[in-house]
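Residue strings, one per chain:
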Amino acid sequence: MPLINHAIPNLINGVSQQSETLRLGSQAESQINGFSSVVEGLKKRPPTEFVKKISSSAFTNPFIHTINRDSNEKYILVITQNSIQVFDVDGNSYTVNTPAGTNYLNITNPKDNFSAVTVADFTFLVNKSQAVAMDSTVTSARPFEAIYSVTQGVDQTVYKLNINGTDYSYTTTTTSSSYQSTEIVSQIFNQISGLSGFSVTNLGSDIHISNSSDFTISATDGFGNTASQVIKGNTAEFSDLPKRAPNGYQVEISGDPSNAFDNYYVKFVSDSSSDGGFYQETVVGGTKDKLDNSTMPHVLIRQADGQFRFTPCNGATYTISGTDFTVPSYGDRLVGDETSAPNPSFVGFKISDIFFHRNRLGFLSDETVVLSRAGEFFQFYPETVTTILDSDPIDVSVSHQKVSILRHAIPFNEDLLLFSDQSQFVLKGGQILTASNVDISVTTDFENSKNVKPVAAGKNIYFAFNKGNFTGVREFFIRPDSDQNDADDITAAVPKYIPKNVYKMAVATNENTLVLLSDDEQNAVYVYQWYITNNQKLQSAWHKWTYGTTTNTKVLNADFIETDLFMVVERSDGVYIVKKQTAPAVTDTDAIYLTHLDNKLNESSTGLTKSYNAVTNQTTITLPYAIDNTMQVVTRNVNANSTIAGQLIPIVSTSGSNIIVSGDQTSTKFFVGEKYTFEYQFSQQYIQYSSAQSKTAVKEGRLQIRNWTITYDNTGHFKVEVTPKARATSTKTFTGAIVGVGTVNGINLEDGDYTFPIMSRNEGLVVKLTNSEYLPSSFINAEWQGFYNQQSEQNT
């Protein structure tokens with residue numbers, strides 16, 4: 001029976017739910033509260049640092065959005081029913097003025113019904129349950145009106161004007177004064193100026209005629225009907241317009257009579273300094289030209305005074321603290337009509353997502369994508385209908401054999417990736433994105449979860465999809481060998497790992513870390529870590545972090561700002577902001593290691609107090625949060641201080657938010673926080689035969705494992721639990737040596753190998769690494785030795 005050595009090269013590829021015979025040696029049966037680093041190996045996850053309590057009561061279905069304005073200003077926006085709050089990442093609350101009220105926020109489940117995007121000092125918020133409507137007001141309607149013009153005075157010619165069937169005429173003579181255009185107009189004007197119900201104005205060579213009721217009017221002349229004209233309502237050419245008209249006089253330029261899309265409207269703008277004016281393109285009278293701003297996305301505006309304003313975009317001016325400010329307004333239809341300048345496609349529909357792309361604000365609605373004018377985020381109507389401008393709004397629909405209600409939009413490689421429930425589309429354009437060159441095409445057909453917005457990480461996009469009672473995640477990318485888009489299932493090895501009802505994903509691009517939150521396991525954060533080099537993925541690790549217990553802790557939101565993960569966490573006594581540093585090699589200040597306690601505070605943290613009782617020789621430490629879990633108080637290192645770091649201070653009792661410890665600790669430098677447990681369970685081990693193509697696990701025969709060796713680095717504590725099949729668990733504890741009393745920074749972190757006995761068959765064997773203490777642990781690789789009894793010859 002030969003002695004066999006088998007090496008496990010690393011422990012950084014997370015959990016696999018494949019058959020044990022198909023797993024990589026670096027994949028585990030389970031991993032909880034670990035961190036899989038390609039540089040530092042498998043280590044205990046970083047702790048959370050207590051930031052501040054932001055509410056004494058629970059948030060009900062909150063929508064939470066992180067505003068990363070710049071390197072100095074970062075905020076957390078919280079929307080609950082009929083309420084909006086803003087905090088900075090230090091937990092300080094900011095005033096949010098709501099001069100127009102909060103009716104737009106009056107829904108019971110904001111978490112599932114809001115989307116947000118931040119552009120500079122503006123955060124646009126869309127209520128996805130609100131259908132967009134047009135305002136009930138209409139543009140000013142002109143009376144029924146016409147202008148009769150004498151375009152040429154001709155002698156001995158009859159000029160005739162017919163109104164409602166009655167002719168009014170004048171015949172010129174050979175006398176020059178009789179066939180001047182002004183004289184002809186004057187003669188006709190004298191005949192019609194008293195018509196009942198009509199308003200008639202002599203404009204020189206033109207007559208303006210109007211009535212509150214419709215009327216018929218026509219003009220003829222003895223010069224082939226070319227010496228006079230009547231324009232009522234419309235004319236074919238701009239050049240036909242009379243040179244003078246009343247201010248506001250409106251005419252439709254019909255252009256090609258077979259094409260309604262080339263029509264446009266002009267109005268006359270009087271020049272008060274002279275007897276004239278000019279024509280300006282306008283909107284047709286008597287139509288709805290305004291979006292109902294109360295149904296459109298609202299804005300949260302950061303003001304220079306440090307306060308915020310939440311308001312509809314209605315152009316109103318408000319006075320706050322003695323200062324006036326005017327809110328931007330969604331632009332009205334200023335030209336054309338509902339054919340030549342139609343309403344944006346989102347009118348009458350709900351907006352499902354809001355985004356910013358290539359200097360345009362964009363909305364998804366039903367099967368359409370609508371983007372604002374370039375650089376003008378509140379304008380969704382064109383400036384002119386006489387030509388197509390590069391800056392015009394873009395309004396385009398997807399085309400697919402499936403019904404494709406668009407849910408999410410993510411900028412991707414200078415294009416825009418659009419997600420429906422079952423397909424993905426790419427919106428592309430030229431070097432400058434315009435309405436003339438925009439194109440939407442189907443790129444892939446994968447199912448997508450409508451409840452969680454995809455996230456971008458460099459050249460990849462991650463999106464979730466439903467797997468029955470579980471959730472899967474795909475990685476969307478461009479295949480380097482074919483330049484084709486594809487989306488790999490990165491949860492193929494863990495199909496029953498992530499629970500359903502995932503509602504949030506966040507990514508740290510500089511740390512290659514993706515996190516997911518689910519309503520079905522509210523105290524857990526599911527984590528994916530990856531590492532790619534030379535287009536080869538060398539790490540693909542799924543695992544999870546847990547906080548508190550399922551009954552007292554809910555992670556409401558998680559977002560990365562650079563390498564720091566900021567979480568909004570609900571506990572038994574309220575809601576808190578906590579922070580986790582995920583950058584490599586993080587240590588406590590002045591120390592060589594990181595103290596692993598959640599909701600970590602030190603003795604001088606804001607909100608923490610200490611009180612010594614000389615009678616009992618005990619110190620009461622009062623925390624700024626209620627104690628929900630097992631606590632530890634540990635001395636910490638501070639330069640030029642005699643405290644020996646890493647020593648546990650005995651806890652006498654805990655109650656409410658108070659911890660009573662032995663001795664006078666009022667001058668002691670310490671950390672205090674909650675214990676949490678790291679756990680890593682190795683996959684079941686087998687003999688493997690290698691070939692040039694693969695490795696094959698062999699289940700035949702008997703493998704008796706004799707011992708196991710763990711290689712560790714910068715480690716102060718861990719336990720090994722060995723449970724053979726149908727036998728009791730044996731536990732071995734590794735503890736780094738403590739340097740003698742009086743030495744500053746008294747923790748000794750060790751590197752080396754730790755060997756422990758197994759003496760068990762591989763079948764049913766459970767080997768776990770755990771660490772419930774504040775000391776760090778980091779594992780590089782592992783190895784086991786065993787005896788293999790081959791029952792039959794193996795053909796190789």
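The sections below set out a description of the structure shown in this document. The model shown is predicted, which means the values in this text are computed figures rather than measured ones. Throughout, residues of each chain are indexed from 1 in the direction in which the sequence is written. Since the coordinates come from a predicted model, pLDDT governs what is reported: local features require at least 70, and pairs of side-chain atoms require 80 or more to be given and counted, while whole-chain, interface and lining totals use all residues. With hydrogens and water excluded, all non-hydrogen atoms of the structure serve as input to the side-chain values.

On to the overall build of the protein. Looking only at helices and strands, one finds two helices and 62 strands in the protein. The C-alpha radius of gyration computed for the protein amounts to 38 Å, which surpasses the reference 28 Å derived for 796 residues by more than 25%, pointing to a less compact arrangement than a globule. Dimensions of the protein along its principal axes, counting C-alpha atoms only, are 130 × 80 × 40 Å. With a 1.4 Å probe rolled over the protein chains alone, any residue whose accessible area is under 20% of its type maximum counts as buried; one over 50% counts as exposed, and the rest are partly exposed. By the burial criterion, 51% of the 796 residues in the protein qualify as buried. Contacts between residues were defined by any pair of non-hydrogen atoms, one from each residue, lying within 4.5 Å. When contacts within the protein are restricted to residue pairs at least 6 apart in sequence, those whose partners lie at least 24 apart make up 60%. To be clear on the numbers: accessible area is Shrake-Rupley with a 1.4 Å probe, and residue cover counts the displayed protein chains and nothing else. Surface summary for the protein: the accessible area is close to 34,100 Å², and the carbon and sulfur share equals 44%. Neither His nor the chain ends contribute to the count of charged residues, in which Lys and Arg are positive and Asp and Glu negative. The location of each charge is read from NZ of Lys, CZ of Arg, CG of Asp or CD of Glu. Averaging the locations of the 58 positively and 80 negatively charged side chains of the protein gives two centres separated by 11 Å. Helix and strand assignments follow DSSP, with helices taken as H or I runs no shorter than four residues and strands as E runs no shorter than two, numbered in order from the N terminus. Each radius of gyration is computed over the set of C-alpha atoms, and the globule rule expresses the reference value as 2.2 Å times the number of residues to the power 0.38.

Whenever Lys or Arg places a side-chain nitrogen within 4 Å of a carboxyl oxygen from Asp or Glu, that contact is recorded as a salt bridge. All told, the structure shown has 28 salt bridges when counted by the stated rule. The partner of Asp628 in a salt bridge is Arg571, with the nearest N and O atoms 3.6 Å apart. Pair noted here: Asp628 is in the loop between strand 49 (618-622) and strand 50 (631-635) and Arg571 is in strand 45 (residues 564-571), with a separation of 57 residues, a long-range link. For Lys675, the salt bridge identified is with Glu773, shortest N-O distance 3.5 Å. One end of the pair, Lys675, is in the loop between strand 53 (670-674) and strand 54 (678-682); the other, Glu773, is in the loop between strand 61 (766-771) and strand 62 (778-789), and 98 residues separate them in sequence.

With that out of the way, let us pick up the nonpolar core. The criterion is simple. A nonpolar core is a set of buried Ala, Val, Leu, Ile, Met, Phe, Trp, Tyr and Cys residues joined through side-chain atoms within 4.5 Å. Counting 40 residues, the largest nonpolar core has Ile84, Phe124, Leu300, Tyr330, Phe346 and Phe363 as the members making the most contacts within it. Setting aside residues no more than four positions away along its own chain, Phe124 makes contact with Ser115, Ala116, Val117, Val119, His298, Val299, Tyr330, Ile354, Leu361, Phe377 and Phe378. If you look at the next biggest cluster of nonpolar residues, it comprises 28 residues, including Ile8, Leu42, Val698 and Val767.

Turning our attention to the sheet that holds strand 39 (residues 485-489). Strand pairing follows a simple DSSP-based rule, namely that at least 2 bridges must link the two strands. In space, the four strands of this open sheet follow the order 36-37-38-39, with antiparallel pairing throughout. Only two strands of the sheet have a single partner each, and these edge strands are strand 36 (455-457) and strand 39. Ignoring which end each strand starts from, the neighbouring axes of this sheet average 35° apart. Strand direction decides the pairing type here: strand 37 (residues 460-467) and strand 38 (residues 470-478), joined by seven bridges, are antiparallel. Bridging across to strand 38, Ala464 finds its partner in Val473. To obtain an axis, a line is fitted to C-alpha atoms, over the contacting stretch when the element is a helix, and the angle between two such axes runs from 0 to 180 degrees between their N-to-C directions.

Whether two aromatic rings pair depends on their centres lying within 6.5 Å, for rings of Phe, Tyr and Trp, where Trp uses its six-membered ring; planes under 30 degrees apart make the pair stacked, over 60 edge-to-face, and the rest tilted. Evaluation of the coordinates by the stated rule reveals 39 aromatic pairs. Between the aromatic rings of Tyr497 and Tyr526, the centroid separation amounts to 5.2 Å while the plane-to-plane angle is 85°, which identifies the pairing as edge-to-face. Of the two residues, Tyr497 sits in the loop between strand 39 and strand 40 (502-508) while Tyr526 sits in strand 42 (residues 524-533), which places them 29 residues apart along the sequence. The exposure class assigned to Tyr497 is buried, which follows from its relative accessible area of 14%. Look at Tyr526 and you get buried, because its relative accessible area is 4%. Plain terms: the ring middles of Phe718 and Phe779 are 5.0 Å apart, the flat faces sit at 80° to each other, and that makes the pair edge-to-face. Of the two residues, Phe718 sits in strand 58 (residues 717-723) while Phe779 sits in strand 62, which places them 61 residues apart along the sequence. An aromatic cluster of three or more residues is present, and its members are Phe122, Phe124, Tyr330, Phe346, Phe363, Phe378 and Phe380. Directly above the aromatic system of Phe325 lies the positively charged group of Arg309, at a separation of 5.0 Å from the ring centroid. Whether a charge lies above a ring is judged from NZ of Lys or CZ of Arg, which has to be within 6 Å of the ring centre and within 35 degrees of the ring normal. Lying over the aromatic face of Phe465, Arg474 brings its terminal NZ or CZ to 5.0 Å of the ring centre.

Turning to the pairing of strand 62, a few remarks are in order. The pairing of strand 1 (residues 3-8) with strand 62 spans six bridges and is antiparallel. Each bridged residue has a counterpart across the sheet, and for Ala7 the counterpart in strand 62 is Glu783. Sheet analysis places strand 57 (residues 702-715) next to strand 62, joined by 10 bridges and oriented antiparallel. By the bridge assignment for strand 62, Gln704 is matched with Phe787.

Here three strands make up an open sheet; going across it, the order is 15-14-18 and the pairing antiparallel. Of all the strands in the sheet, the pair left with one neighbour each is strand 15 (166-171) and strand 18 (217-221). Neighbour to neighbour, the strand axes of the sheet diverge by 15° on average, direction disregarded. Sitting on the sheet, helix 2 (residues 181-192) is in contact with strand 14 (158-163) and strand 15, with an inclination near 145° to strand 15.

We now examine the pairing of strand 22 (residues 264-271). Both strand 21 (residues 250-253) and strand 22 contribute to a ladder of four bridges, which runs antiparallel. Looking across to strand 22, one finds that Ile253 is bridged to Tyr264. Direction of pairing for strand 22 relative to strand 23 (residues 276-282): antiparallel, over a ladder of seven bridges. Bridge assignment links Val266 to a residue of strand 23, and that residue is Glu281.

Attention shifts here to helix 2. The length a helix should cover is 1.5 Å for every residue beyond the first. An ideal rise of 1.5 Å per residue puts 16 Å on 12 residues; helix 2 measures up with 17 Å between its terminal C-alpha atoms. Those residues of helix 2 lying buried are Ile184, Val185, Ile188, Phe189 and Ile192. Within helix 2, the buried residues cover an arc of 130° as seen down the axis, which keeps them to one side. Where helix 2 is buried, its residues meet strand 13 (144-150), strand 14, strand 15, strand 16 (198-202) and strand 17 (206-211). Think of the arc as the fan of directions from the helix axis to the C-beta atoms.

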